[in-house]
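# Structural overview
Spelled out, the chains give:
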Amino acid sequence: MSCRLAKFLIPVVLVVGWFCFVSFGKGVPGGPLVLYCGRSKALVKPLLDQFKAETGVQVQVRYAKTAQLAVALVEEGLQSRADLFWAQDAGSLGVLSKSGLMASLDPKIVDSIPPQFHNRGGQWVATSGRARVLAFAPLRVSREELPQRLEELADPKWKGRVGWAPTNASFQAAVTAMRNSWGEDRTKKWLAAMKINGTRNYAKNTPILKALAAGEIDLGLPNHYYLLRLKANDDQFPVEQQFFVPGDIGNLVNVAGIGVLKYSSNQELAMEFVRFLLSTRAQQYFSKQVFEYPVIDGVESSSRLVSHERLLDLAPSVNLDELSDVTDTIAMLKEVGLL
Amino acid sequence: MGSALAVILPVAYLVINAVRRDPSRIAADLFRYRTIELLGNTVALTFGVLVFASLVALPIAYLTTQTNLRGRSWIALGGVLPLTVPGYIMAYAILALGGYGGFWHRLTGQVIASPKGYWGALLALGMYNMPYMYLNLRAAFSDLDPSLEEAGRSLGHGRLSLLFRVVLPQLRPALLSGALLISLHVIADFGVVSLMQFETFSLALYSANETMDRGAFAVPALVLIMMAMLIMMADVFFLRGLTLHRVTAGTPRRKSLIELGSWSLAAYFFVAIVIMVGVVAPAGLVVFWFLQTPLASVADGVLPALVRSLAVSFPAAAMTVALAIPIALLVRRYPSRWSAILGRSAYIGYAIPSLAFALSFIFISLQIEQKIPVLRGWIYQGFVPLIIAYSLHFLAESIGPIRSGLYLATPRLEESAQALGVGSWRILMGVTLPLLRNSLIISAALVFLSVMKELPITMLLAPINFDTLAVNVWSYSEDAHFSEAAPFALCILLSSGGFVWILLFGGGKTFNGPRTSTADLLA
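Note that the structure is a prediction, hence the values are computed from the model and not measured.

## Some thoughts on the interface of chain A and chain B
- Taken together, the contact between chain A and chain B spans 74 residues of the former and 67 residues of the latter.
- Of the roughly 6300 Å² buried between chain A and chain B, counting both surfaces, carbon and sulfur atoms make up 58%.
- Along the contact surface separating chain A from chain B lie 7 salt bridges.
- Its salt-bridge partner being Lys-204 of chain A, residue Glu-478 of chain B comes within 3.1 Å of it at the nearest N-O pair.
- Summed over the shared surface of chain A and chain B, the number is 25 residue pairs in polar contact (both at pLDDT 80 or more).
- Broken down by element, the side of chain A that touches chain B gets its largest block of residues, 9 residues, from helix α3 (residues 66–76) of chain A.
- Classifying every residue of the side of chain A that touches chain B by side-chain character gives 41 nonpolar, 18 polar and 15 charged.

Right under this line is the structure:
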């Protein structure tokens, strides 16, 4: 018994010991960068490989949900070992910069992109744009019939025909933008009217598009790139999408963004990584491979996307810092009974 | 005792965070009609899943233990395999049966609706939780004393009446321990119910987390824990005063297997449907994803991820069992109010939503590092603390089988050894543990399979760059990169499936009367 036990225990102890060893020695200046990443690995990994090839710097990653990472970073405070936080949405970056956990970025980085794509304090920059759009099933709704403004979706004409994703952070960011642009009362009334109109709740963006294809709903409110990815795999996919009229809040361009942590011991190198993500090559990758909008001009983008100038024209003017007020948005969604 | 204490610490963390919060906001969050609606949905879903899991697991357990149906071990494998599938993958698989581009659409060209809402959630959760019920029932069925049934038959009861009046009452503890694990899973689930568009109280927990405010998060987490405690109280209530073991001298002999005859066809049909939905559908979906063109090749990442998954799953399983043995021994051999509380406290660790569990671990380990600077870099996001976190979280899964095993292992052997002057450590290693061999293996297997799938604890507490198979599957599929997620998902299914396979067909000697191999207990 004890001999067999030993045979089993020795390798276990060795493996455990080895992992203890390799997990030690974090936060060394000049050493590998530590990135807390709320973005999909599919998107991030090729870029990290490229960064390593260009600079020789290894980036170590912790992948998790953006909101979870934000809470963890707040809990870690000045004991954090993270150098960078790359978030799926503006809201969580806003929460961290308000908590005073973000360092100010090199002003040259901030000035290199349009003001729509960084926060006012210069603590974080967008890495790509993720537009809200109106998706529809052309078999059941013609392009001419489509509502011109987001607000018209509450019309009884669309009763039971619209789908959205109230638990999704992108949707919640859109509601935050609405509250800032329309005011609390108008937003709340609209949300309540949408609920009474039988708008269906989905878990996230892709299920909305699948429901459109399956005929459950005729209109949906997803982010723009999911359909483009589905179409890249199957160009027969029976869903189309378009923007509302220019400047309508329904065209909100939310962002994925990155910032450097204040207590990072590796700030210079971290800034270098931010610069890399804003380079033409990295931006082109966002556009061509994953169909997100580049945040700088002059990038050759995918033919499925509208041009940079056209996007800036369509997008409503929104202060990205204000998108961090997720708490009140969630309170409103709860009051209306959507959460 | 230390383990129970460490389970209580996260609760203390949550209470502190909740108390710090403005009471009027807590009231505004909780005391509204919506809460009742969501709690009602949770109760209805839990009840439905329990009924479903019992109705599926009972016949399979019966068929694989009491009848001479051919291919019983394969059917047993099919009854355990749904446990290797991550919950949200099961939901995707069931959704993909219908819908545009779904299974039926590709087969016939017609688009049909997928199971959704209450019934969809019930099917997905019921299917992937069913093995917990099955494993418990299977063990109980093999322990049934045939003399009771024979006595019933001699009193003129028919087969059906025997089933309801003699067999089922004896299965009560097994049904209850399966039900306890399953209901704790159901009340905490968000991944499956959200995909199925069914809203339960976990929605409150999830949306509180989206506010990125720890105080807001603590309140619904505590409500969930209270629900779990109610469930445990119900369990205690139903088990009170129950005595099932043989009280007179003698050993139950092996029961003869029932000839199914023409019923075998119906049995195969039933089993086929269960295996189609619970195993073939998710595996098929993952293979389908695998065949799509990926954005980038991820093949080079699969092997390291597998190594990481195994490197945490094995030690976590071993450590959990090591913690569970003394607790189960205490509960069973020295029953008292305190040992009962200790045994139950493990279920609290299981009921704490794993994100809350991870956050409290962050807090505690950073406090330790701050107080003892020498340990800096070793505690927070270290490998050993990660294993400890898993063990404390999954302790409940491993206590159950060991406790049932102890019901079977008569204390007389231990007493004889003691009378012969053998030391207590040697009795434990030489008598008790070998007697428990089968239970220990099942209990380790349950933890192993859970750690292979675990997400929030791994994501927040693992060393940096330590993305396991499960983290990869999640990170790719979350943003709809399914073909990249596929190799990792496939690897989880194959490695966990292979592990179950070894357990089933590995065999081995036992010291426990009629049983001959692990396959007998698990299968």
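Still to come is the rest of the account.
## A few points about the domain arrangement of chain A
Residue and element names in this part refer to chain A.
- Parsing chain A into structural domains produces domain 1 (30–129 + 254–305) and domain 2 (133–251 + 324–336).
- Using only C-alpha atoms to locate each centre, domain 1 and domain 2 end up separated by 27 Å.
- If you look at the interface, domain 1 gives 13 residues, while domain 2 gives 12 residues.
- Of the roughly 1000 Å² buried at the junction of domain 1 and domain 2 (both faces included), carbon and sulfur atoms supply 60%.
- Applying the counting rule to domain 1 against domain 2 returns 1 salt bridge.
- For the salt bridge of Arg-229 with Glu-292, the shortest nitrogen-to-oxygen distance reads 3.8 Å.
- Here domain 1 and domain 2 share 2 residue pairs in polar contact (both at pLDDT 80 or more) between them.
- The element best represented in the side of domain 1 that touches domain 2 is helix α4 (residues 90–98), accounting for 4 residues.
- A breakdown of the residues in the side of domain 1 that touches domain 2 according to their chemical character gives 5 nonpolar, 4 polar and 4 charged.

## Section: the pairing of strand β3 (residues 84–87) of chain A
All names here are of chain A.
- Burial along β3 is two-sided: the residues Leu-84 and Trp-86 and Phe-85 and Ala-87 are all buried.
- Strand direction decides the pairing type here: strand β1 (residues 33–37) and β3, joined by 3 bridges, are parallel. What sits directly across from Tyr-36, in β3, is Phe-85.

## Quick notes on the pattern of salt bridges
- On inspection of all chains with the given rule, the structure shows 30 salt bridges over all chains.
- One salt bridge in this structure joins Asp-325 of chain A and Arg-179 of chain A, with 2.8 Å as the shortest N-O distance. Of the two residues, Asp-325 of chain A is situated in the loop between α12 (308–314) and α13 (326–336) and Arg-179 of chain A in helix α6 (residues 169–182); the sequence distance between them amounts to 146 residues.
- For the salt bridge of Asp-213 of chain B with Arg-21 of chain B, the shortest nitrogen-to-oxygen distance reads 3.2 Å. Placement of Asp-213 of chain B in the loop between α12 (202–210) and α13 (214–239) and of Arg-21 of chain B in the loop between α1 (2–20) and α2 (23–30) is noted, with a sequence separation of 192 residues between them.
- Classification of Asp-213 of chain B as partly exposed rests on a relative accessible area of 26%.
- The exposure class assigned to Arg-21 of chain B is buried, which follows from its relative accessible area of 10%.
- Each of Arg-39, Arg-229 and Glu-292 of chain A together with Asp-479 of chain B takes part in one network of salt bridges that share partners.

## Here's the deal with the sheet that holds strand β6 (residues 162–164) of chain A
Residue and element names in this part refer to chain A.
- Taken in spatial order, the 5 strands of this open sheet run β7-β6-β8-β5-β9, and their pairing is mixed. Looking at which strands have only one partner, the edges of the open sheet turn out to be β7 (200–201) and β9 (240–242).
- In this structure, β6 lies alongside β7, joined through 2 bridges in parallel fashion. Within β7, the residue paired with Gly-163 across the bridge is Arg-200.

## So, helix α7 (residues 117–143) of chain B
- If you check α7 of chain B, its first and last C-alpha atoms are 39 Å apart, about what 27 residues at 1.5 Å a residue would give, namely 39 Å.
- When you tally the buried positions in α7 of chain B, you get 22 out of 27 residues, the bulk of the element.

## Some words on the sheet that holds β1 of chain A
Residues and elements named next belong to chain A.
- With mixed pairing, 5 strands are arranged side by side in an open sheet as β2-β1-β3-β10-β4. Each edge of the open sheet is held by one strand with a lone partner, namely β2 (59–63) and β4 (124–131). Between one strand and the next, the sheet's axes are offset by a mean angle of 20 degrees, whatever the strand orientation.
- Alignment of β4 against strand β10 (residues 253–260), held across 7 bridges, turns out to be antiparallel. From the neighbouring strand, Gly-129 faces β10, where its bridge partner is Val-255.

## Some thoughts on helix α23 (residues 469–478) of chain B
Residues and elements named next belong to chain B.
- Of all 10 residues making up α23, 9 are buried, and the element is well covered by its neighbours.
- Within α23 the residues assigned to the buried category are Leu-469, Ala-470, Val-471, Asn-472, Val-473, Trp-474, Ser-475, Tyr-476 and Ser-477.
- Remark: Ala-480 follows α23 within two positions and exhibits a positive phi of approximately 70 degrees.

## Observations concerning the environment of Val-447 of chain B
Residue and element names in this part refer to chain B.
- Considering the arrangement of structural elements, one finds Val-447 in helix α21 (residues 437–453).
- Classification of Val-447 as buried rests on a relative accessible area of 0%.
- Residue contacts for Val-447: discarding those within four places in its chain leaves Ala-316, Ala-317, Thr-320, Phe-394, Glu-397 and Ser-398.

## Focus on unusual backbone geometry
All names here are of chain B.
- Backbone geometry at Met-212 places phi at a positive 60 degrees, although glycine is not the residue there.
- Tracing the sequence through the fold places Met-212 in the loop between α12 and α13.
- Under the relative-accessibility criterion, Met-212 is labelled buried at 11%.
- Look at Gln-381: it is not a glycine, yet its phi comes out positive at around 55 degrees.

## Here's the deal with the environment of Ser-324 of chain A
Residues and elements named next belong to chain A.
- Take Ser-324: it is sitting in the loop between α12 and α13.
- With a relative accessible area of 6%, Ser-324 lands in the buried category.
- For the pair Ser-324 and Asp-106, spaced 218 residues apart in sequence, the C-alpha to C-alpha distance is 22 Å.
- Dropping the residues within four chain positions of it, Ser-324 is found in contact with Gly-91, Gly-94, Val-95 and Lys-98.
- Side-chain polar atoms of Ser-324 contact the side chain of Lys-98, separated by 3.0 Å.

## A look at the nonpolar core
- Counting residues in hydrophobic clusters, the biggest one holds 296 residues, and the most contacted among them are Leu-35, Phe-85, Leu-153, Trp-190, Leu-191 and Phe-273 of chain A.
- The dominant element in this core, judged by the number of residues it contributes, is α7 of chain B, at 14 residues.
- Discounting residues that sit within four places of it in the chain, Leu-191 of chain A has contacts with Trp-164, Phe-171, Val-175, Met-332, Leu-333, Val-336 and Leu-338 of chain A.

About the thresholds
Residues numbered from 1 in each chain as written. Chains lettered and ligands numbered in written order. Predicted model: local features only at pLDDT ≥ 70, side-chain atom pairs only at ≥ 80, totals over all residues. Heavy atoms only, no water. Contact = heavy atoms within 4.5 Å. Buried area = accessible area lost by both parts, 1.4 Å probe. Salt bridge = Lys/Arg side-chain N within 4 Å of Asp/Glu carboxyl O. Polar contact = N/O pair within 3.5 Å; in protein donor to acceptor, adjacent residues only side chain to side chain. Helix = DSSP H or I, 4+ residues; strand = E, 2+ residues; numbered from the N terminus. Nonpolar A, V, L, I, M, F, W, Y, C, P; charged D, E, K, R; others polar. Domains from an automatic or database assignment. Buried < 20%, exposed > 50% of the residue type's maximum accessible area, 1.4 Å probe, protein only. Pairing = 2+ DSSP bridges. Expected span 1.5 Å × (residues − 1). Axes fitted to C-alpha atoms, helices over the stretch in contact; angles between N-to-C directions. Core = buried A, V, L, I, M, F, W, Y, C linked by side-chain atoms within 4.5 Å.

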